[in-house]
Amino acid sequence: MNKVFSENKTLLLGIEKSENNSFLDIPVQFSEYTVLLISKGEGIYQADFASFPFKAPAILFSTPQQSISIKEITPLTYTTLQFHGDFYCIEYHRKEVACNGLLFNNIYVEPSIKLTVEQHQLYCQLVDQIIDEIKQQTPSEIVLRAYLQLLLAKSSSLKITSERQNFQKDEKMEQFKALLEENFLTLHKASDYASLLSITANNLTKQCSKRFNKTPTQMIQERLILEAKKQLHLTRLSIKEIAYALQFQDEYYFSRVFKKMTKVSPQTFRKTTGISIVADLSK
């Protein structure tokens, strides 16, 4: 892999072209944001609790410490691009690139984009430019960030267009999303949301599975853990303070639940992903 490291040896940016390499055939968790440009083949992308079929050309996304794997249906050719939050902070650059909550950190949309042949060629050109820059004797981080920002901006634009085209507005599921965003700290049962929506729990499960490819229970759990990840990454609150803010009975119970869901402790998650620069912007 072509890599750029920080002074303390943290991987800031890495990119590698692979062919017939099934390094994702078992679940893995990376400390970096990961983008997979699929050039050939098809498979099933497993991201945490949900599975998403894909066929090249396509692009897949994962957030730090998300458990991901790929089941190959036909042999894959792909490029792996990884970047650390210390290299490009998606929260800090949210105005320039609307990828936070769209490509990353989103429990409501598939972490993938289907590409046309022309769009795939554009991504391949960007990949080659990034590799060429990294191979320079003294790679320019400014240039590399510009290429990365362009790649993420293009992906965000394509994802927004894709979401508009692929899904007709579903009022019940839009209501469920709004209710979940409002009540995920206090309502933890699918039946609670079914009652608010005036439908049966079974009906809610069927509609959720059809629209989001997940059960309501999975989405409730994911939303709570997503908030925990945000607090760990975007603030300097202690683990105890975060547990209290998320209404856990104590930090030990919070740590057990977090590790059960993510396979890493809150302390490990914070250590590997780092604390975002936005945590200090209000000071």
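Participant: Looking at this structure, I do not really get the packing of aromatic side chains. What am I missing?
Facilitator: Aromatic ring pairs are described here by two measures, namely the spacing of the ring centres and the angle between the planes. Scanning all chains against the criterion turns up 11 aromatic pairs. For the pair tyrosine 33 and phenylalanine 104, a centre-to-centre distance of 5.0 Å together with 65° between the ring planes defines the contact as edge-to-face. Linking tyrosine 33 in strand β4 (residues 33–47) with phenylalanine 104 in the loop between β7 (67–83) and β8 (112–114), this pair joins segments that are 71 residues apart in sequence. On the accessibility criterion, tyrosine 33 (3% relative accessible area) is buried. Ring centres of phenylalanine 61 and phenylalanine 104 lie 5.8 Å apart, and the angle between their planes is 90°; on these two criteria the pair is classed as edge-to-face. Of this pair, phenylalanine 61 sits in strand β6 (residues 58–62) while phenylalanine 104 sits in the loop between β7 and β8, and the two are 43 residues apart along the sequence. Aromatic ring contacts, followed pair by pair, group Tyr33, Phe61, Phe83, Tyr88 and Phe104 into a single cluster. The aromatic ring of phenylalanine 184 is capped on one face by arginine 223, whose charged end is 4.1 Å from the ring centroid.

Participant: What am I meant to see in the environment of isoleucine 90 here?
Facilitator: If you trace the backbone, isoleucine 90 turns up in the loop between β7 and β8. What makes isoleucine 90 buried here is its relative accessible area of 1%. The spacing of isoleucine 90 and leucine 152 is 62 residues in sequence and 9.4 Å in space, taken between C-alpha atoms. Not counting residues within four places of it along the chain, the set of residues in contact with isoleucine 90 comprises Tyr33, Phe83, Cys99, Asn100, Phe104 and Asn105.

Participant: Mind showing me how you'd approach the pattern of salt bridges here?
Facilitator: Where charged atoms from two side chains of opposite charge approach closely, those side chains can pair. Inspection of every chain in the model, using the stated rule, returns eight salt bridges. With a closest N to O distance of 3.1 Å, arginine 145 and glutamate 141 form a salt bridge. Taken as a pair, arginine 145 and glutamate 141 lie in helix α2 (residues 141–166) at a separation of four residues, close to a single helical turn. With its nearest N and O atoms 2.9 Å apart, the salt bridge here joins glutamate 222 to lysine 214.

Participant: Mind showing me how you'd approach the packing of helix α3 (residues 171–183) against helix α4 (residues 190–197) here?
Facilitator: Each pair of packed helices can be described by the angle between their axes along with the distance between the axes. Put simply, α3 and α4 touch, their axes get as near as 10 Å, and they point 125° apart. If you check the angle between α3 and α4, you find them oblique. For the element pair α3 and α4, the recorded crossing hand is right-handed. Residue-level contacts link Lys172, Gln175, Phe176, Leu179, Leu180 and Asn183 of α3 to Tyr193, Leu196 and Leu197 of α4.

Participant: I keep staring at unusual backbone geometry and nothing clicks. Help me out?
Facilitator: Most peptide bonds adopt trans geometry, and most residues besides glycine take a negative phi value. Geometrically, the link from alanine 56 to proline 57 is a cis peptide bond, its omega value of -5° lying close to zero. Inspection of the secondary structure assignment puts proline 57 in the loop between β5 (50–55) and β6. Unusually for a residue other than glycine, lysine 9 sits at a positive phi of about 75°. Among the secondary structure elements, lysine 9 is positioned in the loop between β1 (2–5) and β2 (11–19). Overall, lysine 9 belongs to the exposed group, its relative accessible area being 67%.

Participant: In this structure, what is going on with the state of the cysteines? I would like to understand it.
Facilitator: Here, the word disulfide means a covalent bond between the sulfur atoms of two cysteines. Summed over the entire model, instances satisfying the criterion amount to zero disulfides. In this structure cysteine 89 is not part of a disulfide, and its nearest cysteine sulfur, from cysteine 99, lies 9.6 Å away.

Participant: Can you help me understand helix α8 (residues 251–262) in this one?
Facilitator: One turn of an α-helix holds 3.6 residues; hence residues three or four places apart share an orientation. Along its 12 residues, α8 runs 16 Å from first to last C-alpha, staying within 8% of the 16 Å computed at 1.5 Å per residue. Buried within α8 are the following residues: Phe254, Ser255, Phe258, Met261 and Thr262. Along the axis of α8, the buried positions cluster into a sector of 135°, meaning they face one direction only. Exposed positions of α8 whose direction lies more than 90 degrees from the buried face are Tyr252, Arg256 and Lys260. On the buried face of α8, the contacting elements are β3 (28–29), α6 (216–234), α7 (239–245) and α9 (266–273). N-capping of α8 is provided by aspartate 250, with a side-chain oxygen placed 3.0 Å from the backbone N of tyrosine 252. One or two residues past the end of α8 sits lysine 263, with phi positive at roughly 70°.

Participant: Would you mind showing me how to read the environment of tyrosine 45 here?
Facilitator: Counting through the fold element by element, tyrosine 45 comes out in strand β4. Along the sequence, tyrosine 45 and glutamate 72 sit 27 residues apart, while their C-alpha atoms lie 8.8 Å from each other. Contacts of tyrosine 45, omitting those with residues within four sequence positions, involve Ala50, Ser51, Phe52, Phe54, Leu60, Phe61, Ser62, Ile68, Ser69, Ile70 and Pro111. A distance of 2.9 Å separates a polar side-chain atom of tyrosine 45 from the backbone oxygen of phenylalanine 61.

About the criteria used
Residues numbered from 1 in each chain as written. Predicted model: local features only at pLDDT ≥ 70, side-chain atom pairs only at ≥ 80, totals over all residues. Heavy atoms only, no water. Phe/Tyr/Trp six-rings, centres within 6.5 Å; stacked < 30°, edge-to-face > 60°. Helix = DSSP H or I, 4+ residues; strand = E, 2+ residues; numbered from the N terminus. Buried < 20%, exposed > 50% of the residue type's maximum accessible area, 1.4 Å probe, protein only. Lys NZ or Arg CZ within 6 Å of the ring centre and 35° of its normal. Contact = heavy atoms within 4.5 Å. Salt bridge = Lys/Arg side-chain N within 4 Å of Asp/Glu carboxyl O. Axes fitted to C-alpha atoms, helices over the stretch in contact; angles between N-to-C directions. Parallel < 35°, antiparallel > 145°, perpendicular 65-115°, else oblique. Left-handed = near helix turned anticlockwise from the far one by under 90°. Disulfide = S-S within 2.5 Å. Expected span 1.5 Å × (residues − 1). Arc of directions from axis to C-beta. Polar contact = N/O pair within 3.5 Å; in protein donor to acceptor, adjacent residues only side chain to side chain.

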